[in-house]
Structure formats: C-alpha cells, structure tokens
Amino acid sequence: SDSESGSEDSSLSDSELQEAFSRGDLKPGLNVVLEERPKRRNDTNGLKQCLSEFKQQLAWVERLDVTLGQAVDPISQSASSKDGVDPENDFQREMSFYRQAQAAVLEALPRLRKLQVPTRRPDDYFAEMAKSDQQMQKIRQKLKSKQEAMERSEKAKQLRAMRKYGKKVQTEILQKRQKEKKNMLNAVKKYQKGLSDKLDFLDEEQTSSQGNKKGSGSQQIKKGPNAKRRYKNQKFGFGGKKKGSKWNTKESFNDISSFRPSVAHNKGAGKAGKRGKKALNKRPGKRARQKMKNRAR
C-alpha cells in the first residue's frame, strides 16, 4: 500500500534515497505510485492451523454454546426466515433476536436437566449484597430526603392554590359589596328625586334584623343561663324595674281569682282567730314601755 511504501522510504537513509533517485525508482510527487495492486490471499490452511492452536476440546456443559435459528411463531405457526427480516425495521429486527434467544433456551434447558444441572434458584438462597449496608443507608436517606422535598413542594403548591382561591373569593366579595353600595346610592337618588316611593334595602335590613333577633332569642331559650347567672338571679332578682313593681295594673285589678272573703274579713276563724288578732295588736304595758325608753336612752 501507499502507507507501507511511505514508511519504508522514510526508514531509508539519505545515501539510499540518492541511489534510488539516480536509478529512477523515485517518482516526482508526495505519494509513491504503485504499478499494480497486491493480490488478496485466502490462506485457508493458515487459518485452520491458527484455529487448531487455540481451540480447546471441552464438554458442552463448560461451553454452553447453542447455535440455532429462530423459534416458531405461535401466531403464524412458522419460523420467520432470515431473509424475511428487514434490517431497517426495528420491531422485526428485535423480534428476530427474541425468537432466536427463545429457541436457544428451549434447546438448552432439556439438555441441562438431562445432565442434572440446576436451572432454578433455591428458596433458601442468600447472595452477598454488591453494596455495603452503609452505602444502602445513604441511598435510603437520599431517597427519603427527596420524598420529603417533594412533599414540601406539594404542600407549598396547595398553599399557593388556597391563597389564590382566598384572594379570588375576597375580590368577589368586594365587588359584590361595591355593587350593593352602588345600587343603594342609586335607590337613594331616585327616592330623593321622587322617582320611587320606597327604599327596598331598608325593608331587607329590617327583615334580616328581625330574623337575627328571633334566632338569638331561640338560641337563648334553648341554651339557658349559666350557673353564675342563675345564682345572681336567685340572690338579686332578675333585673328590670324595681320601683313601682307592686303597683296594680288593669289586669291585676280585674283578676279576683285569688280573693278569699273568709280570710280578708276574718270570718270563720272563730274566737281563736280573734284572740290571735287582738294579741297581735295589743299595746305593751306601762312597765314594758318604760323599759323600752330606758334602753333607747
């Protein structure tokens, strides 16, 4: 080749180059022009000799080599030919590899079972871990930190979404209040100009306030006063007006259901009743009155 001739020329000395130039062996130019290409050699004997030198006659269990074609396709019930696979089609190419590996497995497993070579892992098989416990602990902590970071980011997203929703609700409430205020001002202007004879928002406020009062009253009736309030009511009364609380009213004046003439006019009590009344109204004696004056002094 050209490179080999160039390397041979470069290895020559200056005197040899001068002699070759004088003979006319060297042609002008950078590359050496060859008259004819070297013939290719198919040395089969030499290849077979090299193969016999490094070939080892070992049993099949030591080699485990299987050379087969593709397995039968269960759908088409035929083995796809080698020429039928399009190398540009990725799916056909990968399926051909898969079928060939499947055929090799179907051929090798029965031979291994015949030679009593186990092909399944036993249930009590424990293999040594490729990584130490410390390395696995570091990996576990890293995965845990990543999971916690993802949870924190998810919570932050939820909080942002809630804030956005809260702002949206707040803006809607403010817009609603502004709209109500605008409608109220328009209603007041129309009422002042005489275009309308009533104010609707006042009626709505009155009905709402009455409803609130009724609701609060019902709640108080249901709930009732606490223990402290009951004690103060028992001790000091229930509040309200004290002066003139015993005055008669029209209803109490006309109500005579509790009137008993026998008790009012002291009838039917007998002599004991009269004696008791006289005993109550009896004036103390002179000595008793004198003692009372002395005590007062």
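Details of the structure are given in the entry above.
Residues numbered from 1 in each chain as written. Predicted model: local features only at pLDDT ≥ 70, side-chain atom pairs only at ≥ 80, totals over all residues. Heavy atoms only, no water.

(A) Examining the overall build of the protein more closely. On a plain count of helices and strands, the protein comes out with 12 helices and 0 strands. Counting the 297 residues in the protein, one finds 5% classified as buried. Considering only intrachain contacts with a sequence separation of at least 6, the fraction spanning at least 24 residues in the protein is 48%. (Helix = DSSP H or I, 4+ residues; strand = E, 2+ residues; numbered from the N terminus. Buried < 20%, exposed > 50% of the residue type's maximum accessible area, 1.4 Å probe, protein only. Contact = heavy atoms within 4.5 Å.)

(B) Inspection of the packing of aromatic side chains at higher detail. Within the structure shown, the criterion is met by 0 aromatic pairs. The ring centre of W60 lies 4.0 Å from the NZ or CZ of R111, which sits over that ring. (Phe/Tyr/Trp six-rings, centres within 6.5 Å; stacked < 30°, edge-to-face > 60°. Lys NZ or Arg CZ within 6 Å of the ring centre and 35° of its normal.)

(C) Structural detail: the environment of L112. Along the polypeptide, L112 turns up in helix α5 (residues 90–114). On the basis of relative accessible area, L112 is assigned to the buried category, the value being 14%. It is 9.8 Å that separates the C-alpha atoms of L112 and W60, two residues lying 52 residues apart in sequence. Ignoring any residue separated from it by four or fewer positions in sequence, one finds L112 in contact with W60, L64, V117 and T119.

(D) Representation of the pattern of salt bridges in the model. Counted according to the given criterion, the structure contains 2 salt bridges. Residues D65 and R63 are paired through a salt bridge, measuring 2.7 Å at the closest nitrogen-oxygen approach. We classify R63 as partly exposed; its relative accessible area is 39%. Among the ionic pairs, R93 bridges to D90, the shortest N-O distance being 2.8 Å. Pair noted here: R93 and D90 are both in helix α5, with a separation of 3 residues, about one helical turn. A relative accessible area of 27% places R93 in the partly exposed class. Residue classification places D90 among the partly exposed positions, given a relative accessible area of 47%. (Salt bridge = Lys/Arg side-chain N within 4 Å of Asp/Glu carboxyl O.)

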